Amino acid sequence: MPGDKSISHRYALLGAFAEGTSRFSNFSTGADCASTLACMEALGAKVRKLDDGCIEIDGVGGRVTPANHPLDCGNSGSTMRMISGLLAPQQGAFTLIGDESLSRRPMERIRKPLSEMGAQLTLTDGHAPVTIQGIPLHAIDFTTPVPSAQVKTCILLAGLQSDGTTTVRESIRTRDHSELALRAFGATLTRSIDSISITGPQTLHAIEAAVPGDISSAAFFLCAAALFPHSGLILDGIGLNPTRAALLDVLTTLGARIAVLQLQEMNSELVGTVQITADESGLRSTEVSGALAAQLIDELPVLAAIGPYTSGGIRIRDAKELRVKESDRIALVARNLRAMGAEVEEFEDGLDVPGGQQLHGAVVDSGGDHRIAMAFSVAALRAEGETLIQGAESAAISFPEFFDLLDLVAER
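Residues numbered from 1 in each chain as written. Predicted model: local features only at pLDDT ≥ 70, side-chain atom pairs only at ≥ 80, totals over all residues. Heavy atoms only, no water.

Asks: How should I be thinking about the side chain of Glu170 in this particular structure?
Replies: Considering the arrangement of structural elements, one finds Glu170 in the loop between β9 (164-169) and α6 (177-184). Polar side-chain contacts of Glu170 include one of 2.5 Å to the side chain of Thr174. Beyond its immediate chain neighbours, meaning those up to four positions away, Glu170 contacts Thr144, Ser148, Lys152, Arg191 and Asp194. (Helix = DSSP H or I, 4+ residues; strand = E, 2+ residues; numbered from the N terminus. Polar contact = N/O pair within 3.5 Å; in protein donor to acceptor, adjacent residues only side chain to side chain. Contact = heavy atoms within 4.5 Å.)

Here it is as structure tokens:
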């Protein structure tokens with residue numbers, strides 16, 4: 001699998017901000033992470049792609065150089081939200097822009113905590129463009145109203161550079177890649193059951209690291225293998241961070257047989273080899289809600305897409321965040337499943353997808369959303385007839401190799 005997108009974003013930001021030269025192998029090939037690298041290059045970091053595929057970054061030593069043009073975050077909400085926290089305490093003026101999709105996504109969730117820290121940050125009707133006038137910040141104790149690893153990271157990156165101890169509290173624990181990455185780069189953080197604290201200012205130092213394989217990308221292949229009795233697949237070098245690996249538990253509940261063949265720790269991240277074998281009796285049913293929905297937010301579209309092929313269906317709740325991703329993923333999943341002949345019930349915060357259904361080929365709309373395009377590629381594998389996915393090129397946002405790899409492992 002390609003390098004984990006979430007970890008690649010964070011290594012790019014921290015490597016470019018740190019002192020010294022960092023080197024990363026298996027860095028994500030997706031367009032979103034390229035946006036992060038390009039923004040940090042524009043701020044003074046030097047980025048080189050080496051002949052062996054590694055990325056090398058000369059950091060700015062904690063002081064960026066303001067660009068004389070807007071920083072283009074492309075389609076990447078991760079880039080825009082996290083880099084805002086990095087830039088808010090820096091000297092200079094910064095403008096962040098994005099494509100049409102990113103310009104519709106909510107940014108008030110980062111403005112509020114940064115403003116409480118004293119930041120001068122202006123939005124456009126709650127969205128991008130984002131303008132930042134850098135100014136020294138002070139520490140805060142902040143409870144996130146919506147579970148969001150991006151917002152948590154934004155606050156921690158601002159806190160890294162601010163006097164005092166900044167604390168982020170979460171009612172539902174989100175992925176902890178930022179905490180682990182900050183520690184790998186030499187920062188000190190304190191973790192409690194429901195909070196993470198950082199005392200600033202601190203200096204980061206360059207590292208060498210291999211980025212684990214992306215489990216959110218692996219999800220499409222794991223779900224595809226689970227669809228066909230007697231199928232099997234082994235995926236090497238997959239990131240198995242406990243805040244990300246809940247998908248394996250859900251697939252086990254559905255009836256797939258999962259084995260972790262090797263497990264090791266790399267820069268505080270767990271990495272392993274995952275084997276999946278599809279049971280001959282097929283998939284059962286499951287519900288994803290509460291904290292589990294927050295942990296699986298990226299995997300929910302593909303789980304919903306295979307729901308019709310289960311015996312008892314898949315029920316998804318507490319996933320309202322899906323409506324403000326690259327698209328309204330709840331609405332698009334429902335619309336595309338219906339186009340393929342499925343019954344599905346849509347709710348404000350989720351879906352009910354009954355089981356025991358057979359889908360037929362259809363024209364489906366990705367909405368320019370990479371995860372929708374890939375999810376319905378998986379649903380189409382077991383549908384009767386041909387499926388045409390409009391906007392399938394959007395898969396390149398996170399996984400340019402997706403269709404080639406899917407073609408490689410699908411037996412005919």
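Asks: Honestly, the nonpolar core in this entry has me stumped. Any pointers?
Replies: In globular proteins that are soluble, nonpolar side chains generally tend to be buried together. Counting residues in each nonpolar core, the largest one holds 69 residues, and the members touching the most others are Leu222, Leu251, Leu300, Leu303, Met340 and Phe376. A total of 11 residues in this core trace back to one element, the largest contributor, which is helix α7 (residues 215-227). Apart from the residues lying within four places of it in its own chain, the contact partners of Phe376 are Val333, Asn336, Leu337, Met340, Val364 and Ile389. Listed in part, the 65 residues of the second largest apolar core include Tyr11, Phe17, Ala88 and Leu114. (Core = buried A, V, L, I, M, F, W, Y, C linked by side-chain atoms within 4.5 Å. Buried < 20%, exposed > 50% of the residue type's maximum accessible area, 1.4 Å probe, protein only.)

Asks: Explain the pattern of salt bridges to me, please; I cannot follow it from the model alone.
Replies: Between side chains of opposite charge, a pair can form when the charged atoms approach closely. The tally for this structure, following the rule as stated, stands at 29 salt bridges. A salt bridge links Lys152 to Glu170; the nearest nitrogen and oxygen atoms lie 3.7 Å apart. Within this pair, whereas Lys152 is found in helix α5 (residues 149-159), its partner Glu170 is found in the loop between β9 and α6, the two being separated by 18 residues in sequence. Of the residues examined, Lys152 reaches a relative accessible area of 0% and is grouped as buried. For the salt bridge of Arg335 with Asp365, the shortest nitrogen-to-oxygen distance reads 3.8 Å. Placement of the pair is Arg335 in helix α11 (residues 329-339) and Asp365 in strand β20 (residues 363-365), with a sequence separation of 30 residues. Classification of Arg335 by relative accessible area gives partly exposed; the value is 47%. The network of salt bridges with common partners includes Arg23, Arg48, Asp52, Glu56 and Asp58. (Salt bridge = Lys/Arg side-chain N within 4 Å of Asp/Glu carboxyl O.)

Asks: How should I be thinking about the layout of surface pockets in this particular structure?
Replies: Unfilled space is identified by rolling a water-sized probe across the atoms. There is about 610 Å³ of room inside the largest pocket. Lining of the largest pocket is provided by 39 residues; of these, Pro147, Ala294, Ile297, Glu321 and Lys325 occupy positions nearest its centre. With four residues, the single largest contributor to the lining of the largest pocket is helix α1 (residues 5-17). Here the lining of the largest pocket is built from residues that sort into eight nonpolar, 13 polar and 18 charged. Approximately 420 Å³ is the volume attributed to the second largest pocket. As for the second largest pocket, its lining consists of 14 residues, of which Phe228, Leu381, Val409, Ala410 and Glu411 are closest to the centre. Elements with a minimum of two residues in the lining of the second largest pocket: α7, β13 (232-239) and α13 (402-409). Counted by class, the lining of the second largest pocket contains nine nonpolar, two polar and three charged residues. (1 Å grid on protein atoms, 1.4 Å probe; cavity = no way out; pocket = protein on both sides within 12 Å on 5 of 7 lines; lining within 4 Å. Points joined across faces, edges and corners; volume = space filled by probe spheres on them. Nonpolar A, V, L, I, M, F, W, Y, C, P; charged D, E, K, R; others polar.)

Asks: In this structure, what is going on with the packing of aromatic side chains? I would like to understand it.
Replies: Within a pair of aromatic rings, the relevant descriptors are the distance that separates the centres and the angle that separates the planes. On inspection of all chains with the given rule, the structure shows nine aromatic pairs. Ring plane angle 20 degrees and centroid distance 5.2 Å describe the contact between Tyr11 and Phe24, whose orientation is recorded as stacked. On the criterion of sequence distance, the pair formed by Tyr11 in helix α1 and Phe24 in strand β1 (residues 21-25) is long-range, its members being 13 residues apart. The two residues Tyr11 and Phe24 agree in class, both being buried. (Phe/Tyr/Trp six-rings, centres within 6.5 Å; stacked < 30°, edge-to-face > 60°.)

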